[in-house]
2 protein chains.
Amino acid sequence: MKLGQATIKDIARELNLSASTISRALKDYPGISDETKRRVKEVAKNMNYRPNAIALSLRKSRSFTIGVIIPEVVHFFFSTVISGIEDIAQSRGYNVILSQSNEKLDREISSIETMLSNQIDGVLVSYSKETESFDHFTRVLDQGFPIVFFDRAPAIPNAINVMVADYQGAYDATIHLISQGYKNIVHLSGPKALKISIDREQGYRDALEKNGISVNPANIIECPLGTLEEGQRLVSELFNSLPERPDAFFSCNDIGAVGAMKACRDIGLKIPLEVGIVGFSDWQFCAMLDPQLSSVSQPGFMMGARATEILIDIIEKKLDVETMERNLILETKLMERDSSRRF
Amino acid sequence: MKLGQATIKDIARELNLSASTISRALKDYPGISDETKRRVKEVAKNMNYRPNAIALSLRKSRSFTIGVIIPEVVHFFFSTVISGIEDIAQSRGYNVILSQSNEKLDREISSIETMLSNQIDGVLVSYSKETESFDHFTRVLDQGFPIVFFDRAPAIPNAINVMVADYQGAYDATIHLISQGYKNIVHLSGPKALKISIDREQGYRDALEKNGISVNPANIIECPLGTLEEGQRLVSELFNSLPERPDAFFSCNDIGAVGAMKACRDIGLKIPLEVGIVGFSDWQFCAMLDPQLSSVSQPGFMMGARATEILIDIIEKKLDVETMERNLILETKLMERDSSRRF
DNA sequence: TTGTATGCGTTATCAT
DNA sequence: ATGATAACGCATACAA
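Residues numbered from 1 in each chain as written. Chains lettered and ligands numbered in written order. Predicted model: local features only at pLDDT ≥ 70, side-chain atom pairs only at ≥ 80, totals over all residues. Heavy atoms only, no water.

All names here are of chain B. Taken in spatial order, the 6 strands make up an open sheet running β7-β6-β8-β9-β10-β12, and their pairing is mixed. Sheet topology places β7 (220–222) and β12 (333–335) at the edges, where each strand pairs with a single neighbour. Within this sheet the neighbouring strands show an average axis-to-axis angle of 20°, counted without direction. Each of β6 (185–189), β8 (248–251), β9 (276–281), β10 (294–297) and β12 touches helix α8 (residues 166–179); the most contacted strand, β9, lies at about 165° to it. Across the sheet, helix α9 (residues 195–210) touches β6, β7, β8 and β9, and the angle it forms with β6 is around 165°. (Pairing = 2+ DSSP bridges. Helix = DSSP H or I, 4+ residues; strand = E, 2+ residues; numbered from the N terminus. Axes fitted to C-alpha atoms, helices over the stretch in contact; angles between N-to-C directions. Contact = heavy atoms within 4.5 Å.)

So, about the packing of aromatic side chains. Residue and element names in this part refer to chain A. Evaluation of the coordinates by the stated rule reveals 20 aromatic pairs over all chains. Measuring from ring centre to ring centre gives 5.0 Å for Y127 and F134, while their planes differ by 75°; the resulting arrangement is edge-to-face. Residue classification places Y127 among the buried residues on the basis of a relative accessible area of 3%. Classification of F134 as buried rests on a relative accessible area of 12%. Cluster of aromatic residues (ring-pair linked, three or more members): Y127, F134, F137 and F149. In this structure, R200 is placed above the aromatic ring of F280, and the distance from its NZ or CZ to the ring centre is 3.9 Å. (Phe/Tyr/Trp six-rings, centres within 6.5 Å; stacked < 30°, edge-to-face > 60°. Buried < 20%, exposed > 50% of the residue type's maximum accessible area, 1.4 Å probe, protein only. Lys NZ or Arg CZ within 6 Å of the ring centre and 35° of its normal.)

Nonpolar side chains in soluble globular proteins generally cluster together in the buried interior. Formed by 112 residues in total, the largest nonpolar core has its most connected members in A:F249, A:I277, B:F150, B:F249 and B:I277. With residues up to four places along the chain from it excluded, the contact list for B:I277 reads B:L177, B:F249, B:A257, B:A260, B:M261, B:C264, B:I271, B:L293, B:S294, B:S339 and B:S340. (Core = buried A, V, L, I, M, F, W, Y, C linked by side-chain atoms within 4.5 Å.)

In the vicinity of DNA strand D, 27 residues are found, and the nearest of them are A:S18, A:T21, A:R24, B:I8 and B:Y49. The sugar-phosphate share of atoms of DNA strand D within 4 Å of the protein amounts to 64%. Residue B:K27 places a side-chain N or O atom 3.4 Å away from a phosphate oxygen belonging to DNA strand D. The greatest single-element share of the surface near DNA strand D, amounting to 4 residues, is contributed by helix α4 (residues 53–60) of chain B. (Near = heavy atom within 4 Å. Polar contact = N/O pair within 3.5 Å; in protein donor to acceptor, adjacent residues only side chain to side chain.)

Glancing now at the interface of chain B and chain A. Taken together, the contact pairs 50 residues of chain B with 50 residues of chain A. Contact between chain B and chain A buries roughly 4500 Å² in total, counting both sides, with carbon and sulfur atoms accounting for 52%. Across the contact surface, chain B and chain A share 8 salt bridges. Close ionic contact of A:D290 with B:R265 constitutes a salt bridge, the shortest N to O distance being 3.6 Å. Where the side of chain B that touches chain A is concerned, the elements lending two or more residues are α4, α5 (76–91), β2 (95–100), α6 (105–117) and α11 (254–266) of chain B. A per-element tally of the side of chain B that touches chain A places α5(B) first, with 8 residues. Residue composition of the side of chain B that touches chain A, by class: 22 nonpolar, 20 polar and 8 charged. (Buried area = accessible area lost by both parts, 1.4 Å probe. Salt bridge = Lys/Arg side-chain N within 4 Å of Asp/Glu carboxyl O. Nonpolar A, V, L, I, M, F, W, Y, C, P; charged D, E, K, R; others polar.)

The subject of this paragraph is the relation of the copies chain B and chain A. Mapping chain B onto chain A leaves a residual RMSD of 0.2 Å; the transformation is a rotation of 180° accompanied by 0.1 Å of translation along its axis. Taken together, the rotation angle and the small translation identify this as a two-fold axis. The position closest to the rotation axis in chain B is occupied by the C-alpha of B:I97, lying 2.2 Å away. A symmetric contact is evident, with 100% of the interface residues of chain B recurring at the interface of chain A. (Least-squares fit on C-alpha atoms with pLDDT ≥ 70 in both.)

Set out below in structure tokens:
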């Protein structure tokens, strides 16, 4: 019993053949006698031979591994995306190497460095909230290294992005609130550093204006943290400060919506009768709340899957980076539930 | 501008030195003149040199990569574990390669095969619900390959497991319900194939018996799916069929607890006044529900972190597999919230 | 202080 | 039909 894995050489020694013959026999190359193939495969099996992917990578300068850099794993939406990534990668014979930035720029940078060191074939990135300069990405992009961004699209010309229709989703949500007769709709917005926050806010604005409602700046509340407590606190403060009491909230995320829900309940407002609430992302728990929370559903799995398909197609040159469509926008779907349905 | 990455040879050529000198200079070996070191590092930087981790792996037969095989990524508890894994791995200089089995045995088997091919240094496993034979694990364990199991501990002698105190958590939850004066406590149990289900059920049983309450087999309802709908349906049926109406539910997972909550509400029962409910896992949404759901909190991040530390310690021979403690059990914590607090 | 040779596991190329 | 050799990028034992 030798320690470590059996190699081609071990098989060669066992059968008094050369390593090249073993290699060829194992891959059913023509010009190897059937008898030899049979014997080689038999011995390989007995020795529990397993090809060394590292050696292969070195030789081919290809690792069949893609990297994923993501802000957080413990996040319903992102974990869904990862699932989609992993699914496609696995079915196309690629490994997935995962790194979370925890929303930190320096971890993002060191992650991409390690991954490049590890000769990954391409990388999927959703950058951190701290990231404002994209040099660490352009540098590697300029070397012709494949990167596909998802969810958060950077300000890089020619970057390849897979996003959800944040604008449209926010627009739909706001229109829905208007159509339910809510008059004074507040938007809980996200960190301004993220394009998704800006797009969602714009969808909200346009929906109001399209309906002849002028946008009141005091009705847009930025929630940089995105926590429940923050949402609850900000909405409570709003109730005390705003002259005209809001009768609806469109939050850029579900957690904030729950915060708003609690704040409303704290002062005895009935949902959806007196206040309407809509979130964004359609996290699992939306349907568990009472009343069930309306939310804009984002196709996370699909996003991961499509981004991965695109990345691998680029790696395998089935897609031409020069001529391809560089922005893929996936549709959202408004899940109308009890928290915003009066009729 | 050459395509591909600069290598040690490129630097050597540039400086008219040998590759070995470059290698040594970059690693600050003694016996290289400071001047040479300086020049080498300068050129390395200019050429954007990045060591090829694949070549290193091949040479050292070590990849500094650990594999993670997990049933599902889109799962609050598991995603928390992954986060802990990733955190420690990153801080100790290891990559994480991720594969989800989707609770399928064949994917689990093929995942471990690919990972071994990729020369990972060790693997963290939470096996699938389908897995009943553990041959695919014992085979590699017997070769001396490091595996640490987490959450779901297999029936393998000498396996190294990191688990939560399922028995104790369930026991605590049940005692809590009893102490709140609930008399007829039903247990929604999990798939019998998982040890965690059995342990939780046993905790429930023992808590009752310790308090002189005999266990009514009709009060233990198996929920193999673990979905909200399943929980809701089974509890509704229970209300119609059981002679004596249950006044409390201890569910082996939070989703089932929400199902029970809905079923109670459907027939107008007040929580916690008329019915008490406790879940297991303390998912994020527990605190968002109304009433807030009591639940047994599992230290997911800690589990991932500890399992990874143990694995890496084994890999780096800081722990001796022969003599080490093979079972690490992490404590749970009962989060008492409104759904079960009458006093 | 630096260079040469060798090998990690595999395969493509060029023999035989 | 099979074998010998070189190469992928790097580190190290041994030479000089």
